[in-house]
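# Results of the structural survey
Given next are the chains, with one letter for each unit.
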Amino acid sequence: MSRLLALVPLLLLTACASAPTRSGFLSTYDGLTPRSDTVRAKVEQRRDEAILADVRRVAIEPTVLVGPGGWLTPGERVLLQRELDAQLCFELSERFEIDPSAPNRVRVAITRVDPTGRAASVASAAAGFFIPGPLGLRAPGTLGSLSAEAEMLQGERQVVAVSWSRTATAIGTDDPSLSRVGDALQFAEPFADAVAAAMTPQGLKSRPIPKPDPCAEFGGRFRPEGWAAKFATGLYVPQMSGAKAEAADDGR
């Protein structure tokens with residue numbers, strides 16, 4: 001335990017996000033500029049304010065993977081895609097009508113995933129038990145990452161583009177996990193938040209969740225079972241915290 005505490009200064013120096021990647025997925029990267037109001041993620045974005053002002057309906061295409069290494073299993077790929085699909089649907093449905101026939105298409109790609117260290121996560125969870133507090137301490141070797149890109153297209157014209165990247169912090173609120181994609185799954189929500197904010201026209205206010213919920217296929221928007229599992233174990237458990245499993249006849 002004393003060794004882990006001695007690493008705190010070093011961990012603070014390494015608690016930064018990796019730079020966004022440019023995978024070639026976006027229709028254009030022209031005009032992307034860094035956001036200065038982000039702390040834990042690296043974000044670049046552009047908006048066509050004139051076109052965006054009239055957007056009220058969007059179609060969300062399924063998330064694809066572009067570039068992540070071959071270490072991901074088919075099951076891990078589905079978990080990541082499903083969670084990004086869910087979080088984007090949750091966020092965008094509070095701003096727009098979700099309509100597959102809408103002229104404004106939202107495209108998303110996962111461009112990089114670094115694994116969460118499972119063995120070291122157990123040590124981190126144990127440290128959290130003996131050193132309780134609002135900020136967790138992550139042992140070296142546990143820090144995963146997620147990089148993703150998103151754009152809104154109207155026809156072939158890019159209306160909004162976002163390049164986003166985040167690496168788990170050694171000291172903070174990122175929970176350790178026994179899943180190799182635990183950090184990436186946790187970052188799906190902040191990524192979706194950033195995308196939704198970039199795609200929200202100026203002055204457009206959030207609306208109540210529609211009924212029936214257009215995102216019902218992903219399960220509940222609030223997932224108390226995941227919080228309960230984290231409280232009991234100190235670990236993020238994607239099977240209890242993530243999106244509802246897709247139907248067996250889903251083609252992806």
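Close contact between helix α4 (residues 74-92) and helix α7 (residues 188-199) brings their axes to 9 Å; oriented N to C, the two are set at 40 degrees. Taken together, α4 and α7 sit at an angle that is classed as oblique. In the crossing of α4 with α7, the sense of the turn from one axis to the other is right-handed. Along the contact surface, α4 presents Glu83, Leu84, Gln87, Leu88, Glu91 and Leu92, while α7 presents Ala188, Glu189, Phe191, Ala192, Asp193, Val195, Ala196 and Met199.

Compared with an ideal rise of 1.5 Å per residue, which puts 12 residues at 16 Å, α7 spans 16 Å between its outermost C-alpha atoms and is within 8% of the ideal. Within α7, the full set of buried residues consists of Ala188, Phe191, Ala192, Ala194, Val195, Ala196, Ala198 and Met199.

Moving on to the packing of aromatic side chains. According to the stated counting rule, one finds 2 aromatic pairs in the structure shown. One residue, Arg107, lies across the ring of Phe25, its end atom 4.0 Å from the ring centre.

Take the pairing of strand β2 (residues 42-47) next. Bridge count for strand β1 (residues 33-34) against β2 is 2 bridges, and the pairing is antiparallel. Residue pairing for β2: Thr33 is matched across the bridge by Gln45.

Quick look at α4 now. In an α-helix, one turn spans 3.6 residues; hence positions three or four apart end up facing the same way. Along its 19 residues, α4 runs 27 Å from first to last C-alpha, staying within 8% of the 27 Å computed at 1.5 Å per residue. With 14 of 19 residues buried, α4 is to be regarded as a mostly interior element.

Let's shift gears to the side chain of Asp48. Structurally, Asp48 can be placed in the loop between β2 and α3 (49-52). Note on Asp48: relative accessible area 13%, which makes it buried. Other than its neighbours up to four places away in sequence, Asp48 contacts Arg157, Gln158 and Val159.

Summarising the element assignment, Gly144 is placed in the loop between β7 (136-137) and β8 (145-154). Look at Gly144 and you get buried, because its relative accessible area is 0%. Distance from Gly144 to Gly182, taken between C-alpha atoms, is 7.6 Å for residues 38 residues apart in sequence.

A few words on unusual backbone geometry. Note the cis peptide between Lys211 and Pro212, where omega equals 0 degrees. Tracing the backbone shows Pro212 in the loop between α7 and α8 (224-233).

Before going further, it helps to spend a moment on the nonpolar core. Core analysis: the largest hydrophobic core is formed by 37 residues, its most contacted members being Leu80, Leu146, Met152, Val160, Trp164, Phe191 and Met199. Only α3, α4, β6 (104-114), β8, β9 (157-167), α6 (182-186) and α7 provide two or more residues apiece to this core. Per element, the largest residue contribution to this core is 8 residues, and it comes from α7.

Under the counting rule described, the total for this entry stands at 12 salt bridges. The salt bridge partner of Arg47 is Glu49, with a shortest N-O separation of 2.9 Å. Taking the shortest distance from any N to any O, the salt bridge between Arg95 and Glu91 comes out at 3.0 Å. Neither Arg95 nor Glu91 differs from the other in exposure class; each is buried. Residues joined in a network through salt bridges with shared partners are Glu94, Asp213 and Arg221.

Burial analysis of β8 places 9 of its 10 residues in the buried class, the great majority of the element. Relative to β8, β6 is paired through 10 bridges, and the arrangement is antiparallel. Note on β8: the bridge partner recorded for Arg107 is Glu151. Hairpin connection of β8 to β9: 2 residues between the antiparallel strands, including Gly155 at a positive phi of 70 degrees.

Turning our attention to the environment of Glu151. With respect to the element layout, Glu151 can be found in strand β8. Considered as a pair, Glu151 and Ala109 are 42 residues apart in the sequence and their alpha carbons are 9.3 Å apart. Among all residues touching Glu151, those that are not within four sequence positions of it are Phe25, Leu26, Ser27, Thr28, Arg105, Val106, Arg107, Gln158, Val160, Ala161 and Met199. Within the structure, the side chain of Glu151 is placed 2.3 Å from the side chain of Arg107, a separation counted as a polar contact.

Within the protein chain, residue pLDDT values average 77, and 66% of them lie at 70 or more. Looking over the protein chain, one finds the lowest element-wise mean pLDDT in α8, namely 41, and the highest in strand β3 (residues 57-60), namely 98.

The rules behind each value
- Residues numbered from 1 in each chain as written.
- Predicted model: local features only at pLDDT ≥ 70, side-chain atom pairs only at ≥ 80, totals over all residues.
- Heavy atoms only, no water.
- Axes fitted to C-alpha atoms, helices over the stretch in contact; angles between N-to-C directions.
- Helix = DSSP H or I, 4+ residues; strand = E, 2+ residues; numbered from the N terminus.
- Parallel < 35°, antiparallel > 145°, perpendicular 65-115°, else oblique.
- Left-handed = near helix turned anticlockwise from the far one by under 90°.
- Contact = heavy atoms within 4.5 Å.
- Expected span 1.5 Å × (residues − 1).
- Buried < 20%, exposed > 50% of the residue type's maximum accessible area, 1.4 Å probe, protein only.
- Phe/Tyr/Trp six-rings, centres within 6.5 Å; stacked < 30°, edge-to-face > 60°.
- Lys NZ or Arg CZ within 6 Å of the ring centre and 35° of its normal.
- Pairing = 2+ DSSP bridges.
- Core = buried A, V, L, I, M, F, W, Y, C linked by side-chain atoms within 4.5 Å.
- Salt bridge = Lys/Arg side-chain N within 4 Å of Asp/Glu carboxyl O.
- Polar contact = N/O pair within 3.5 Å; in protein donor to acceptor, adjacent residues only side chain to side chain.
- pLDDT = per-residue confidence, 0-100.

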